[in-house]
Amino acid sequence: NTPKSLECNQNGLRLSKKMGDKGWTYEFLLPIGSIYQAQGDTSQALKNYKEALAISLELKNTTSEATALINIGNLYRKTNMIKALDCYNKALLLFV
């Protein structure tokens, strides 16, 4: 149930932000972005993915950074292959 899933993740996001838990905030942002992406709302998806990316950089978590970059790349893949490849290459470099 997509609307319920979005609602639950948004509630979790609000709580994690209220508690100041950036790790959990990151964990809720990705599925919210994925839901918006599945619904075709690419601007909302990108907003959530970029916020997740910013948090991963702040936390210095390279695995989370790579995951956010891959999600952003997947979003760009249909409209801007250059941006998609840039995101994929940045993610790849985190593991080299």
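In this text the structure is predicted, and so the values were computed from the model without any measurement.

A. Structural view of the overall build of the protein chain. Secondary structure summary: the protein chain contains five helices and zero strands in total. Along the protein chain, helices (α) and strands (β) appear in the sequence α-α-α-α-α when read from the amino end. The C-alpha radius of gyration computed for the protein chain amounts to 13 Å, which stays within 12% of the reference 12 Å derived for 96 residues, consistent with globular compactness. Dimensions along the principal axes, computed over C-alpha positions, put the protein chain at roughly 35 × 30 × 15 Å. Buried residues in the protein chain amount to 36% of all 96 residues. Residue pairs in contact within the protein chain that sit at least 24 positions apart in sequence constitute 43% of those at least 6 positions apart.

B. How the structure looks around the nonpolar core. In terms of nonpolar packing, the biggest core is built from 24 residues, with Tyr26, Tyr49, Ile72 and Tyr76 touching the most fellow members. Taken together, the elements giving at least two residues each to this core come down to α1 (2-19), α2 (22-38), α3 (42-59), α4 (62-76) and α5 (81-93). Looking at which element gives the most residues to this core, the answer is α2, with seven residues. Setting aside residues no more than four positions away along its own chain, Tyr26 makes contact with Ala52, Ile55, Ser56, Ser64, Thr67 and Ala68.

C. Seen up close, a nonpolar patch on the surface. On the surface, a nonpolar cluster with roughly 370 Å² of combined accessible area is contributed by Leu92, Leu93 and Val96. Within the secondary structure, Leu92 is located in helix α5.

D. Quick peek at the side chain of Glu65. Mapped onto the elements of the fold, Glu65 is located in helix α4. In this structure, Glu65 is in contact with Leu53, Ser56, Leu57 and Leu94, ignoring residues within four places of it in sequence.

E. Geometry of the packing of α3 against α4. Interaxial distance between α3 and α4 falls to 8 Å at its minimum, and their mutual angle equals 160 degrees. One finds that α3 runs roughly antiparallel with respect to α4. Crossing geometry of α3 relative to α4 is assigned as left-handed. Contact with α3, carried on its side by Thr42, Ala45, Leu46, Tyr49, Lys50, Ala52, Leu53, Ser56 and Leu57, involves Ser64, Glu65, Ala68, Leu69, Asn71, Ile72, Leu75 and Tyr76 of α4 and no other residues of that element. Across the contact of α3 with α4, the residue classes tally to eleven nonpolar, four polar and two charged.

F. Inspection of α1 at higher detail. The terminal C-alpha atoms of α1 lie 26 Å apart, and with 18 residues this matches the ideal 26 Å at 1.5 Å per residue to within 8%. When we look at burial in α1, the residues that qualify are Leu6, Asn9, Gly12, Leu13 and Ser16. All buried residues of α1 project into a common sector of 130 degrees when viewed along the axis, lining one side. Residues Pro3, Arg14, Leu15, Lys18 and Met19 are exposed on α1 and point more than 90 degrees away from its buried face. Contact partners of the buried residues in α1: α2. The N-capping residue of α1, defined by a side-chain oxygen 3.3 Å from the backbone nitrogen of Lys4, is Asn1.

Definitions and limits used
- Residues numbered from 1 in each chain as written.
- Predicted model: local features only at pLDDT ≥ 70, side-chain atom pairs only at ≥ 80, totals over all residues.
- Heavy atoms only, no water.
- Helix = DSSP H or I, 4+ residues; strand = E, 2+ residues; numbered from the N terminus.
- Rg over C-alpha atoms; globule rule 2.2 N^0.38 Å.
- Buried < 20%, exposed > 50% of the residue type's maximum accessible area, 1.4 Å probe, protein only.
- Contact = heavy atoms within 4.5 Å.
- Core = buried A, V, L, I, M, F, W, Y, C linked by side-chain atoms within 4.5 Å.
- Patch = residues over 30% accessible without salt bridge, like charges linked within 9 Å, V, L, I, M, F, W, Y side chains within 5 Å.
- Areas by Shrake-Rupley, 256 points an atom, 1.4 Å probe, with all protein chains shown as cover.
- Salt bridge = Lys/Arg side-chain N within 4 Å of Asp/Glu carboxyl O.
- Axes fitted to C-alpha atoms, helices over the stretch in contact; angles between N-to-C directions.
- Parallel < 35°, antiparallel > 145°, perpendicular 65-115°, else oblique.
- Left-handed = near helix turned anticlockwise from the far one by under 90°.
- Nonpolar A, V, L, I, M, F, W, Y, C, P; charged D, E, K, R; others polar.
- Expected span 1.5 Å × (residues − 1).
- Arc of directions from axis to C-beta.
- Polar contact = N/O pair within 3.5 Å; in protein donor to acceptor, adjacent residues only side chain to side chain.

Geometric descriptors of this kind do not, in isolation, establish any biological role.
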